[in-house]
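Topology and contacts: notes
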Amino acid sequence: MAGAHLAVAPTRLVLASIVLLAPACRTETGRLTAAQEQRFETEGVRHRADNLRFRYTFAGTRGGTGWEDRLASIIVTPQTVLIHKNEKVGIEITPRSRRYYAVHRDGRRVRISAGSGRSAETWSFEPPEDPEGWTQDIRAVIRASKSSANDP
């Protein structure tokens, strides 16, 4: 009987360790440089969400498409939309952007489309709150960009 008790104790110890360490293993995607933090603070952050699951869809070769889930963060100011994983930029829309962009809402999901043809990609996500507000604010950034002149 004593041997059975000893066999269970290490298992509980391992499980307790996993539960305690799991939050530390979570991927952090929201880190920005001090200059970026300053820039976004100056612009005025309307929306920010870190560590969201995005569905990234892209045009493939021969007209096919592919997709994958990506963990990333998003910041929306009156002048910028940035989807990023720390220093790595997925999409950055600013007044100087020339690429075609569009935003649509499907229920709780917000879809940001970029490019066209073989360079097309879509980043869709569920914001933590107010999907309509996110969509309107992203649309305002797109309209203020040079990409709005390139509407197909």
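Residues numbered from 1 in each chain as written. Predicted model: local features only at pLDDT ≥ 70, side-chain atom pairs only at ≥ 80, totals over all residues. Heavy atoms only, no water.

1. Quick look at the confidence of the model for the protein
- Averaged over all residues, the pLDDT of the protein is 85; the fraction at 70 or higher stands at 78%.
- With pLDDT under 50 throughout, residues 5-9 is counted as low confidence; its partners more than four residues away or in other chains account for zero contacts.
- The low-confidence segment residues 13-24 (pLDDT under 50) makes zero contacts with residues lying over four places distant or belonging to another chain. (pLDDT = per-residue confidence, 0-100. Contact = heavy atoms within 4.5 Å.)

2. Focus on the layout of surface pockets
- Its boundaries defined by the atoms lining it, the largest pocket holds a volume of some 150 Å³.
- Along the walls of the largest pocket sit Arg70, Leu71, Ala72, His84, Lys85, Lys88, Val89, Gly90 and Trp123, which together make up its complete lining.
- Secondary structure elements with two or more residues in the lining of the largest pocket: β2 (65-76), β3 (81-85) and β4 (88-93). (1 Å grid on protein atoms, 1.4 Å probe; cavity = no way out; pocket = protein on both sides within 12 Å on 5 of 7 lines; lining within 4 Å. Points joined across faces, edges and corners; volume = space filled by probe spheres on them. Helix = DSSP H or I, 4+ residues; strand = E, 2+ residues; numbered from the N terminus.)

3. A look at the pairing of strand β1 (residues 47-59)
- The sheet contact formed by β1 and β2 spans eleven bridges and is antiparallel. Its bridge partner lying in β2, arginine 48 is registered against isoleucine 75.
- Sheet topology note: the β1/strand β7 (residues 121-125) ladder contains four bridges and is antiparallel. Along β7, the bridge assignment pairs arginine 55 with serine 124. (Pairing = 2+ DSSP bridges.)

4. Re the pairing of β4
- Looking at chain direction, β3 and β4 are connected through five bridges and run antiparallel. Following the sheet pairing, histidine 84 is matched in β4 by valine 89.
- Joining the antiparallel neighbours β3 and β4 is a turn of two residues, in which asparagine 86 adopts a positive phi near 55°.

5. As for the nonpolar core
- Residues Ile74, Ile112, Phe125 and Ile138 are the most contacted members of the largest nonpolar core, which totals 22 residues.
- For this core, the elements supplying multiple residues, two or more each, are β1, β2, β3, β4, β5 (101-106), β6 (109-114), β7 and α3 (131-144).
- Residues contacting isoleucine 112, with those up to four places away along its chain left out, are Ile74, Val81, Ile83, Ile91, Ile93, Ala102, Val103, Glu121, Thr122, Trp123, Phe125 and Ile138. (Core = buried A, V, L, I, M, F, W, Y, C linked by side-chain atoms within 4.5 Å. Buried < 20%, exposed > 50% of the residue type's maximum accessible area, 1.4 Å probe, protein only.)

6. Things to note about the environment of arginine 111
- With respect to the helices and strands, the residue arginine 111 is situated in strand β6.
- Arginine 111 gets classed as partly exposed once you look at its relative accessible area, which sits at 28%.
- Along the backbone, arginine 111 and threonine 135 are 24 residues apart, and their C-alpha atoms lie at a distance of 8.5 Å.
- The residues contacting arginine 111, other than those within four sequence positions of it, are Ala102, Val103, His104, Asp106, Thr122, Trp123 and Ser124.
- Only 2.7 Å separates the side chain of arginine 111 from the side chain of aspartate 106, close enough to count as a polar contact. (Polar contact = N/O pair within 3.5 Å; in protein donor to acceptor, adjacent residues only side chain to side chain.)

7. Notes on the packing of aromatic side chains
- By the definition in use, this model includes five aromatic pairs.
- Here phenylalanine 54 and tryptophan 123 contribute two aromatic rings whose centre-to-centre distance is 5.9 Å and whose plane-to-plane angle is 75°, an arrangement assigned as edge-to-face. Taken together, the residues phenylalanine 54 in strand β1 and tryptophan 123 in strand β7 connect sequence positions 69 residues apart. Each member of the pair, phenylalanine 54 as well as tryptophan 123, is classed as buried.
- Through successive ring pairs, a cluster of aromatic residues spans Phe54, Tyr56, Phe58, Trp123, Phe125 and Trp134.
- Sitting over the face of the ring of tryptophan 67, arginine 55 holds its NZ or CZ atom 3.6 Å from the ring centroid.
- Sitting over the face of the ring of tyrosine 56, arginine 70 holds its NZ or CZ atom 3.8 Å from the ring centroid. (Phe/Tyr/Trp six-rings, centres within 6.5 Å; stacked < 30°, edge-to-face > 60°. Lys NZ or Arg CZ within 6 Å of the ring centre and 35° of its normal.)

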